[in-house]
Amino acid sequence: MGYETARHLASLGMHVIIAGNEKEEGAAAVRRIKEEGCEGKAEFVYIDLTSLKSVRNFAQAFKQRRLPLHVLVNNAGTMMVPERNTEDGFEFHFELNYLGHFLLTNLLLDTLKRSGRGGCCSRIINMSSATHYAGVVQLDDLNRSSHGAYSQSKLALVLFTYYLQEQMMVGGFPVIANAVDPGMVDTALYDNLWSLAQAMKKPVAKILFRTPAEGASISVYAVAASEMEGVGGCYLYNGEKRQSSPLSYDSELQAELWKKSCELVGL
């Protein structure tokens, strides 16, 4: 979906920076986008979201270029990875899906604020999932085992989105933040299913799952749709505003998670 999002945004004339930890895949994506003759341009820059040091290095390098930043799509994610911790000591899903994005967004927030203006807000898109409805955030156990870690990370993204939007609105900043649910998409996200489930998934995916391009269309809508100008704090599915989980609207939990996240990443 990251590639399809980048391809579509480049076709709209945007300068797209594909940030990821797969250098060969990133370079190939840039080549394919260039071959299509898009109006915009694309480049790849390395970042490892499971490393807070890597996130900081990326943000510092980006800001040194003094480029504007009108859109930040936090799209990277993983699911059902065997239980393990990152180099920073965090549970893998939690740092890759949520904490790395939290730090990246905060480090780039000043640039997003400067780049937006009245009638043309900068936009932050956080890729969540319907699994967040089953998620539980336990602030005293954020490094929980991989069982339930994915849904927790996706709920954390929604809580983060709503709290960030509130901050931007109160501060009068020209930045909006929305969460996007792309639905069930046939991507490598399911590669960690056990072998029998993999075999069962293949025929089902062709019928019920969306293609990566279809999944990416939801985030592209949030990025580019004129009717979303100035509209933040939404959970979007199929280009429509939906109610997220009741827990995601808990303003006290939003604030507590924000504070705890700042402590964990050193902000």
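Refer to the preceding data block for the structure.
Keep in mind the model is a prediction, meaning the values are calculated, not measured. Going along each chain's sequence as written, the residues are numbered from 1 onward. Selection of residues for local features in this predicted model requires a pLDDT of at least 70, selection of side-chain atom pairs for listing and counting requires 80 or more, and totals for whole chains, interfaces and linings are taken over all residues. As a convention, hydrogens and water are excluded, and side-chain values are obtained from all of the structure's heavy atoms.

A few points about the packing of aromatic side chains
Turning to step 1, where the next piece is worked out: Paired rings are identified among Phe, Tyr and Trp, the last through its six-membered ring, by centres lying within 6.5 Å, and are further divided according to the angle between planes into stacked (under 30 degrees), edge-to-face (over 60) and tilted (the rest). For the structure on display, the rule yields 10 aromatic pairs.
Turning to step 2, where the next piece is worked out: When the centroid spacing of 5.2 Å and the interplanar angle of 15 degrees are considered together, the rings of Tyr162 and Tyr249 count as stacked. Of the two residues, Tyr162 is situated in helix α5 (residues 149–171) and Tyr249 in the loop between β7 (240–242) and α8 (251–265); the sequence distance between them amounts to 87 residues.
Turning to step 3, where the next piece is worked out: The exposure class of Tyr162 is buried, given its relative accessible area of 8%.
Turning to step 4, where the next piece is worked out: According to the relative accessible area criterion, Tyr249 is partly exposed, its value standing at 37%.
Turning to step 5, where the next piece is worked out: Chaining the aromatic ring pairs together yields one cluster made of Phe90, Phe94, Tyr98, Phe102, Phe160, Tyr163 and Trp258.
Turning to step 6, where the next piece is worked out: The cationic tip of Arg84 hangs over the ring face of Phe92; the distance from NZ or CZ to the ring centre is 4.1 Å.
Turning to step 7, where the next piece is worked out: Cation placement over rings: the criterion is NZ of Lys or CZ of Arg within 6 Å of the ring centroid and within 35° of the ring normal. A cation sits over an aromatic face here: Lys113 above Phe173, 4.0 Å from the ring centre. Numbering of helices and strands runs from the N terminus; a helix is a DSSP stretch of H or I covering at least four residues, while a strand is a stretch of E covering at least two. Note on exposure labels: buried denotes an accessible area under 20% of the residue type's maximum, exposed denotes more than 50%, and partly exposed covers the range between, all computed with a 1.4 Å probe on protein chains only.

Comments concerning the pairing of strand β5 (residues 175–181)
Turning to step 1, where the next piece is worked out: Counted residue by residue, β5 has seven buried out of seven residues, so it is predominantly covered.
Turning to step 2, where the next piece is worked out: Of the two faces of β5, the one holding Val175, Ala177, Ala179 and Asp181 and the one holding Ile176, Asn178 and Val180 are both buried throughout.
Turning to step 3, where the next piece is worked out: Note: two strands are recorded as paired if DSSP finds a minimum of 2 bridges between them. Here strand β4 (residues 122–127) runs beside β5; their pairing, made up of six bridges, is parallel. Note on β5: the bridge partner recorded for Ile125 is Asn178.

With respect to the nonpolar core
Turning to step 1, where the next piece is worked out: One finds Tyr98 and Leu164 to be the most contacted residues of the largest nonpolar core, which totals 40 residues.
Turning to step 2, where the next piece is worked out: Considering each element in turn, this core owes the most residues, 12 residues, to helix α4 (residues 92–115).
Turning to step 3, where the next piece is worked out: Contacts: residue pairs with any heavy atoms within 4.5 Å of one another. Every residue in contact with Tyr98, bar those within four places of it in the chain, is listed here: His93, Ser153, Ala156, Leu157, Phe160, Leu257 and Ser261.
Turning to step 4, where the next piece is worked out: Only buried Ala, Val, Leu, Ile, Met, Phe, Trp, Tyr and Cys residues count toward a nonpolar core, and they belong to the same one when joined by side-chain atoms within 4.5 Å. Ala10, Ala42, Met127 and Cys234 belong to the second largest nonpolar core, which has 22 residues in total.

Let's talk about the pattern of salt bridges
Turning to step 1, where the next piece is worked out: Definition used for salt bridges: Asp or Glu carboxyl oxygen within 4 Å of a side-chain nitrogen of Lys or Arg. Under the counting rule described, the total for this entry stands at five salt bridges.
Turning to step 2, where the next piece is worked out: When the shortest N-O distance is used, the salt bridge between Glu36 and Arg7 registers 3.7 Å. Here Arg7 lies in helix α1 (residues 2–11) and Glu36 lies in the loop between α2 (23–35) and β2 (41–46), a separation of 29 residues in the sequence.
Turning to step 3, where the next piece is worked out: Among the residues examined, Glu36 registers a relative accessible area of 43% and is labelled partly exposed.
Turning to step 4, where the next piece is worked out: Its salt-bridge partner being Arg242, residue Glu240 comes within 3.8 Å of it at the nearest N-O pair.
Turning to step 5, where the next piece is worked out: Take Glu240: its relative accessible area is 45%, and that puts it in the partly exposed class.
Turning to step 6, where the next piece is worked out: By relative accessible area, Arg242 is classed as partly exposed at 37%.
Turning to step 7, where the next piece is worked out: When salt bridges with common partners are traced through the structure, they connect Glu4, Arg7 and Glu36 into a single cluster.

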